[in-house]
Amino acid sequence: IRLVYHNHTTEFAAQGLEIEELLRRTDPELVSLLLDAGHAHRAKCDVPAFIARHHQRIDAIHLRDLRDDRWLPLGQGEFDLTGLAAAIRKTAWPGWLIVEQESLKSADAATVESVLASDRRAIRKHFGV
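Some remarks on the packing of helix α3 (residues 47-54) against helix α4 (residues 81-91)
Geometry of a packed helix pair, given as the angle between the helix axes and the separation of the axes.
And then number 1: The geometry of α3 relative to α4 is characterised by a closest axis approach of 8 Å and an angle of 15° between their N-to-C directions. Classified by the angle between their axes, α3 and α4 sit roughly parallel to one another. At the point where α3 passes α4, the crossing takes the right-handed sense. Contact residues: Val47, Pro48, Ile51 and Ala52 in α3; Gly83, Leu84, Ala87 and Thr91 in α4.
And then number 2: For the contact of α3 with α4, the class distribution of residues is six nonpolar, two polar and no charged.

See the structure below:
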């Protein structure tokens, strides 16, 4: 069985020492990451640089955006989607990008579609899909 570890903000606090230590002390054949890029960014991690260093240990990436510690639709916050896309292309990373939309708390179909449309536009703009 292979473990895919999902991080939160605390693993990237203190310049990412905890997540770096987790990767250093575990077998790459047995432990990989589902990198929550939003939480890493929230802890001031340079996510594109982290991906460049550890792309072979990352199976999937949760995409999200934020500003002032508030989750937002993709492309409406401070997250560096352009840098992330460049790191993914440069490393030829083959994993999954998964939009994790925690800012969406409405049952109104029009609101939901508006947020998802914004996410789709950001993905197409930065990742070309």
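Read on for the rest.
Considering the pattern of salt bridges
Opposite charge on two side chains lets them pair, provided their charged atoms get close.
And then number 1: One pass over the full model with this rule turns up eight salt bridges.
And then number 2: A salt bridge links Glu20 to Arg53; the shortest N-O distance between them is 2.9 Å. In this pair, Glu20 sits in helix α1 (residues 13-25) while Arg53 sits in helix α3, placing the two residues 33 residues apart along the sequence.
And then number 3: The class of Arg53 is partly exposed, set by a relative accessible area of 47%.
And then number 4: Residue Arg42 pairs with Asp69 through a salt bridge whose shortest N-O separation is 2.6 Å. Note that Arg42 is positioned in helix α2 (residues 37-42) and Asp69 in the loop between β4 (65-67) and β5 (70-72), a separation of 27 residues in sequence.
And then number 5: Overall, Arg42 belongs to the partly exposed group, its relative accessible area being 26%.
And then number 6: Bridged by salt links that share partners, the residues Glu21, Arg24 and Arg25 form one connected network.

Structural notes on the side chain of Asp36
And then number 1: Mapped onto the elements of the fold, Asp36 is located in strand β2 (residues 31-36).
And then number 2: Overall, the relative accessible area of 0% leaves Asp36 in the buried class.
And then number 3: Each residue touching Asp36, except ones within four places of it in the same chain, is listed here: His6, Asn7, His62, Arg64 and Glu100.

What about the packing of α4 against helix α5 (residues 109-127)?
And then number 1: α5 packs onto α4 with a crossing angle of 50° between their chain directions and a minimal axis gap of 9 Å. When the axis of α4 is compared with that of α5, the two are oblique. Two packed elements cross with a definite hand, and for α4 against α5 that hand is right-handed. Counting all contacts with α4, which are made through Leu81, Thr82, Leu84, Ala85, Ile88 and Arg89, the residues of α5 involved are Ala122, His126 and Phe127.
And then number 2: For the contact of α4 with α5, the class distribution of residues is six nonpolar, two polar and one charged.

Some thoughts on the packing of aromatic side chains
And then number 1: Enumeration over the complete set of coordinates arrives at one aromatic pair.
And then number 2: Note on Phe12 and Phe50: the rings are 5.1 Å apart at their centroids and 75° apart in plane angle, and the pair reads as edge-to-face. Here Phe12, found in the loop between β1 (3-6) and α1, pairs with Phe50, found in helix α3; they are 38 residues apart in sequence, far enough to count as distant.
And then number 3: Residue class for Phe12 comes out buried when judged on its relative accessible area of 3%.

Rules used in this analysis
Residues numbered from 1 in each chain as written. Predicted model: local features only at pLDDT ≥ 70, side-chain atom pairs only at ≥ 80, totals over all residues. Heavy atoms only, no water. Axes fitted to C-alpha atoms, helices over the stretch in contact; angles between N-to-C directions. Helix = DSSP H or I, 4+ residues; strand = E, 2+ residues; numbered from the N terminus. Parallel < 35°, antiparallel > 145°, perpendicular 65-115°, else oblique. Left-handed = near helix turned anticlockwise from the far one by under 90°. Contact = heavy atoms within 4.5 Å. Nonpolar A, V, L, I, M, F, W, Y, C, P; charged D, E, K, R; others polar. Salt bridge = Lys/Arg side-chain N within 4 Å of Asp/Glu carboxyl O. Buried < 20%, exposed > 50% of the residue type's maximum accessible area, 1.4 Å probe, protein only. Phe/Tyr/Trp six-rings, centres within 6.5 Å; stacked < 30°, edge-to-face > 60°.

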